[in-house]
Amino acid sequence: MTRRLKLTEGTLPVLVVLAILLVALAFAGPAFNEPAGYLALLKRAAPLMILAIGQYFVIVSGGFDLSVGSLVTAEVVIAARLIDGEEGATAWVLLFMLGFGALVGLVNGLITTRLLVPSFIVTLGMLLVLDGAVFLWTGGAPRGALSDAFRTVGRSGFEVPLLGQVPWSVVLLAVIVVAAVFFMRGGTGRTLVAVGDNETAVRLGGGRVERLRTLAFVLSGLSAAVAAVLLGGFAGVSAQVGDGLEFRVITAVVLGGVLLGGGRGSVVAAMAGALTLEALFSLLNLLGVSGGLESAVQGVIIIAAVAYASAGSNLFRHKVVNQEKKNVKEETAAQQ
Amino acid sequence: MTALAQRPAAPKPPEHDRPKWTQKLTPVVSVYLALVVLLIVGSVLVAVDGGMLLDQGGILNILTRSTTLGLVAIGQTLVILTGKLDLSVAYLIGLCSLIAAETMAGDPGNIVFAVALTLAVAAVVGLVNGLVITRLKVNAFIATLGTALIIRGYLENGYEGPAGEVPRAFQHLGYDRIGPIPISTLLMLALAGLAWWYLGRTRGGYHIYAVGGDEDVARLSGVRTNRTIVKAHVLCSVAAGLAGIFLASRLGSGAPYVGTDAGYDLESIAAVVLGGTLLAGGRGGVAGTIGGVLILATLDTVFDDLGVTPFFKDVVRGVVLIVAVALYARRQVSRRGK
């Protein structure tokens, strides 16, 4: 039964769209005639996919994280300033970045859960604070440089027979994906989804709602740190690395059929959404669609995808309504 | 019904446990108190720096800044009260400034037609937002983000920079004033008054609160919830259209990114929430929003007068937003934020 529910909730649609896009890519450009083309696509998509995993945790538990874009920018700018071209500094700067990401997530989570500020506002405030702080610190032009060792992860790879060059970022992505899937299958992951679905039920069942939601924000902050390592290596240092990433990643997660408001959707689907978005951009590029139309197409597609998904879940509306009626009855019974 | 009658009296809401004087501190009162405090502190700081915050120029500055944001935020208030969001306003403002300026094309005879056309286009965008949300059941966040991307695509494709020309006669709207108060600000306040009257005195306004409070309950009580949501989005877009027209009048031409550069999408949401309206909908109002707008505008002006770098503003704005909402949230523990 779980499987049947999943199909209507949007995991299948996104996989179908992704498959169509990948086939279309093969026809559209000679680059996609061999594995290298797809590996390059994965390499480009890796940061967004990792961000999507982090955002998934937050969204599925019923929140928003609008701060990831500016967090990525802040991380890259801080790393460049701290490393300043010095190879020896790479290791501790990487650790520092992860720590900073986790700290920002922790602050987001604590303000959301303890001060009861809606996460939309908390992370919007965090976005403003981080953006302002980065520019204040750098004056708009980041100083310093990343070390070669730092850039390796985002930029290069290793040779494998048959496949050609496998980027390190793809390996890292694979590790994180496996970790995320296992996490979501475990007790903590399941409870996290339950928090998004019905917070009160989890609370009454003895779940630590505040702690779980904070954990989701910390994971999102960590994912932004990892994405920043990849993007810094791939694209280099600038004060615009993370611009617009927050909306793009929310789009990706929703495209994967994850319900805004929480409680529905799988982590694999969220990543598939991110990959679909990047595949779509690649295809539009190959077809020579200009930058302006690209965003218009993106707009139409996310509306269509979400409309389709909600049309699918309406099949089950009947059941949900019945369930709600039952809940209400139980509540009134409990009150008497 | 008998079951209801037999139930013991509901526990008193937490408001009654608080000391009496804090009960009068509704968000609207708090936001205007904060504004007064900010004006005093700001005046002192600027005076220490050797300037004057509330002279003719300063007041004019605050009010002009408030006008555009105020127009957008009034519309945004209606949408947020229904429990939705509108992220498309920023690009819509740019689009509307272009439509107004290009239709006028420097000819005073076209003014009426251009304004009508711009508002009509804005209304259609709002209608699309509303219908996508209610008929296609797309989450408002995604629906309006999608609309924003579509408008952005159109703007990026068709425009490189400012276009069109506003006739001299129309620029009076942006620059004329009565004493220190710009006419446009008076128009904005009139619109706020109209929205206040609509929300608090008419059936349509009550329906907006009902839908935001609980959509299902509203529907079961006979409110046409879909129609109410569509209406809120249309009104919001028309307000954004007015902001676009006002900006075109100030700039003398249309500018595609005039709305996004100022971040009016998130900024207007911030102003509404700062004004004590619940992001989840159902509680709040226009009076608080105008207070929120004035606070943001005053902060900007104070920082300008002090010569603080513009980036520091963002930091302060973020902190103010979080702190303010945290203070409101303390009194609404029962309604846990989403």
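In this text, all values refer to a predicted model and were calculated from it rather than measured experimentally. (Residues numbered from 1 in each chain as written. Chains lettered and ligands numbered in written order. Predicted model: local features only at pLDDT ≥ 70, side-chain atom pairs only at ≥ 80, totals over all residues. Heavy atoms only, no water.)

> Would you mind showing me how to read the overall build of chain B here?
On a plain count of helices and strands, chain B comes out with 16 helices and two strands. The C-alpha radius of gyration computed for chain B amounts to 21 Å, which stays within 12% of the reference 20 Å derived for 338 residues, consistent with globular compactness. Each principal axis of the C-alpha distribution contributes one length, and for chain B these read about 70 × 55 × 35 Å. Classification of the 338 residues of chain B by burial places 51% in the buried group. (Helix = DSSP H or I, 4+ residues; strand = E, 2+ residues; numbered from the N terminus. Rg over C-alpha atoms; globule rule 2.2 N^0.38 Å. Buried < 20%, exposed > 50% of the residue type's maximum accessible area, 1.4 Å probe, protein only.)

> Looking at this model, I keep getting lost on unusual backbone geometry. Mind explaining?
The bulk of non-glycine residues show a negative phi, and the bulk of peptide bonds are trans. Located in the positive-phi region is L116 of chain A, a residue other than glycine, with phi close to 60°. As for its placement among the helices and strands, L116 of chain A is situated in the loop between α5 (90-114) and α6 (119-138). Phi at A105 of chain B is positive, roughly 45°, even though this residue is not glycine. Mapped onto the secondary structure, A105 of chain B falls in the loop between α5 (89-104) and α6 (111-134).

> Whenever I open this one, the UniProt feature "transmembrane region" (unreviewed entry) in chain A confuses me. Can you help?
All names here are of chain A. When the UniProt feature table is mapped onto this chain, "transmembrane region" (unreviewed entry) is found at residues 38-59, 89-108, 115-137, 166-184, 215-239, 245-261, 268-289 and 295-316. In the segment residues 38-59, helix accounts for 100% and strand for 0%; the C-alpha atoms at its two ends are 28 Å apart. Secondary structure across residues 166-184 comprises 89% helix and 11% strand; the distance between its end C-alpha atoms is 27 Å. (UniProt positions renumbered as here; feature names shortened; annotations may be inferred.)

> What should I look at first to understand the packing of aromatic side chains in this one?
Any pair of aromatic rings gets described here by the distance separating the centres and the angle formed by the planes. Counting across every chain of the model gives nine aromatic pairs over all chains. When the centroid spacing of 5.5 Å and the interplanar angle of 85° are considered together, the rings of F64 of chain A and F120 of chain A count as edge-to-face. With F64 of chain A in the loop between α3 (35-60) and α4 (68-83) and F120 of chain A in helix α6, this residue pair connects regions lying 56 residues apart in the sequence. Here F64 of chain A matches F120 of chain A in class, with each residue buried. In this structure an aromatic cluster arises from ring pairing among F64, F120 and F247 of chain A together with F141 of chain B. Over the aromatic face of W137 of chain A sits the side chain of R81 of chain A, whose NZ or CZ is 4.4 Å from the ring centroid. (Phe/Tyr/Trp six-rings, centres within 6.5 Å; stacked < 30°, edge-to-face > 60°. Lys NZ or Arg CZ within 6 Å of the ring centre and 35° of its normal.)

> Can you walk me through the UniProt feature "transmembrane region" (unreviewed entry) in chain B in this structure?
Residue and element names in this part refer to chain B. Mapped onto this numbering, the UniProt entry gives "transmembrane region" (unreviewed entry) at residues 28-47, 59-81, 88-105, 111-131, 138-155, 181-199, 229-248 and 311-329. When the span residues 59-81 is considered, its composition is 100% helix and 0% strand, and the gap between its end C-alpha atoms is 30 Å. For residues 181-199, helix accounts for 89% and strand for 11%, while the C-alpha atoms at its two ends are 26 Å apart.

> I keep staring at the nonpolar core and nothing clicks. Help me out?
The tendency in soluble globular proteins is for nonpolar side chains to be buried as a group. In terms of nonpolar packing, the biggest core is built from 173 residues, with F120 and I250 of chain A together with F141 of chain B touching the most fellow members. Element by element, the count of residues in this core is highest for α3 of chain A, at 14 residues. With residues near it in sequence (within four places) discarded, F141 of chain B still touches F64, L66, F120, F247, I250 and L260 of chain A together with L85 and L87 of chain B. Residues A101, M104, A114 and I245 of chain B belong to the second largest nonpolar core, which totals nine residues. (Core = buried A, V, L, I, M, F, W, Y, C linked by side-chain atoms within 4.5 Å. Contact = heavy atoms within 4.5 Å.)

> What's the story with the confidence of the model for chain A in this structure? I'm lost.
Caution applies to low-pLDDT parts of the model: their predicted coordinates are not meant to be read in detail. All names here are of chain A. This prediction gives chain A a mean pLDDT of 82; 88% of its residues lie at or above 70. For chain A, the element scoring lowest by mean pLDDT is helix α1 (residues 2-8), at 48; α5 scores highest, at 92. Across residues 1-7 the pLDDT falls below 50, and counting only partners more than four positions away or on other chains, this stretch makes five contacts in the model. (pLDDT = per-residue confidence, 0-100.)

> How should I be thinking about helix α13 (residues 267-286) of chain A in this particular structure?
Residues spaced three or four apart along an α-helix face the same direction, because each turn holds 3.6 residues. All names here are of chain A. For α13, which comprises 20 residues, the first-to-last C-alpha distance of 29 Å matches the rise-based estimate of 28 Å (1.5 Å per residue) to within 8%. Most of α13 sits out of view: 17 of its 20 residues are buried. Directly beyond the C-terminal end of α13, a positive phi value near 75° is found at G288. (Expected span 1.5 Å × (residues − 1).)

> What is the right way to read a nonpolar patch on the surface from this model?
Residue and element names in this part refer to chain B. Together, I178, I181, I183, L186, L187 and L189 make up a nonpolar patch on the protein surface, roughly 490 Å² of accessible area in all. A per-element tally of the nonpolar patch places helix α9 (residues 183-201) first, with four residues. Looking at the element boundaries, I178 is found in strand β1 (residues 177-178). (Patch = residues over 30% accessible without salt bridge, like charges linked within 9 Å, V, L, I, M, F, W, Y side chains within 5 Å. Areas by Shrake-Rupley, 256 points an atom, 1.4 Å probe, with all protein chains shown as cover. Salt bridge = Lys/Arg side-chain N within 4 Å of Asp/Glu carboxyl O.)

> I tried to follow the pattern of salt bridges on my own but got confused; where do I start?
When the charged atoms of two side chains with opposite charge come close together, those side chains can pair. Residue and element names in this part refer to chain A. All chains considered together, the criterion is met by 14 salt bridges over all chains. Between D197 and R264 there is a salt bridge, and its shortest N-O distance comes to 3.2 Å. Note that D197 is positioned in helix α9 (residues 187-197) and R264 in the loop between α12 (245-255) and α13, a separation of 67 residues in sequence. Among the salt bridges present, the one from E210 reaches R203, with a minimum N-O distance of 3.1 Å.

> When you look at the packing of α4 of chain A against α6 of chain A in this model, what are you seeing that I'm missing?
All names here are of chain A. Relative orientation of the contacting elements α4 and α6 amounts to 25°, with a least axis distance of 9 Å. One finds that α4 runs roughly parallel with respect to α6. Between α4 and α6 lies a crossing whose hand is left-handed. Two secondary-structure elements touch here, α4 through S70, L71, T73, A74, V77, I78 and R81 and α6 through M126, L127, L130, D131, V134, W137 and T138. (Axes fitted to C-alpha atoms, helices over the stretch in contact; angles between N-to-C directions. Parallel < 35°, antiparallel > 145°, perpendicular 65-115°, else oblique. Left-handed = near helix turned anticlockwise from the far one by under 90°.)

> How should I be thinking about the packing of α3 of chain A against helix α11 (residues 209-235) of chain A in this particular structure?
Packed helices, taken two at a time, are described by their axes: the angle between them and the distance between them. All names here are of chain A. Contact geometry of α3 with α11 gives a least axis separation of 7 Å together with a crossing angle of 170°. By the angle class used here, α3 and α11 are roughly antiparallel. Mapping the contact onto sequence places K43, R44, A46, P47, I50, L51, G54, Q55, F57 and V58 in α3 and A216, F217, L219, S220, S223, A224, V226, A227, L230, L231 and F234 in α11.

> Please clarify how the side chain of Q298 of chain A should be interpreted in this entry.
Following the sequence through the fold, Q298 of chain A ends up in helix α14 (residues 291-313). For Q298 of chain A, a relative accessible area of 7% gives the class buried. If we ignore the near neighbours within four places in the chain, the residues touching Q298 of chain A are T251, L277 and F281 of chain A together with L149 of chain B.

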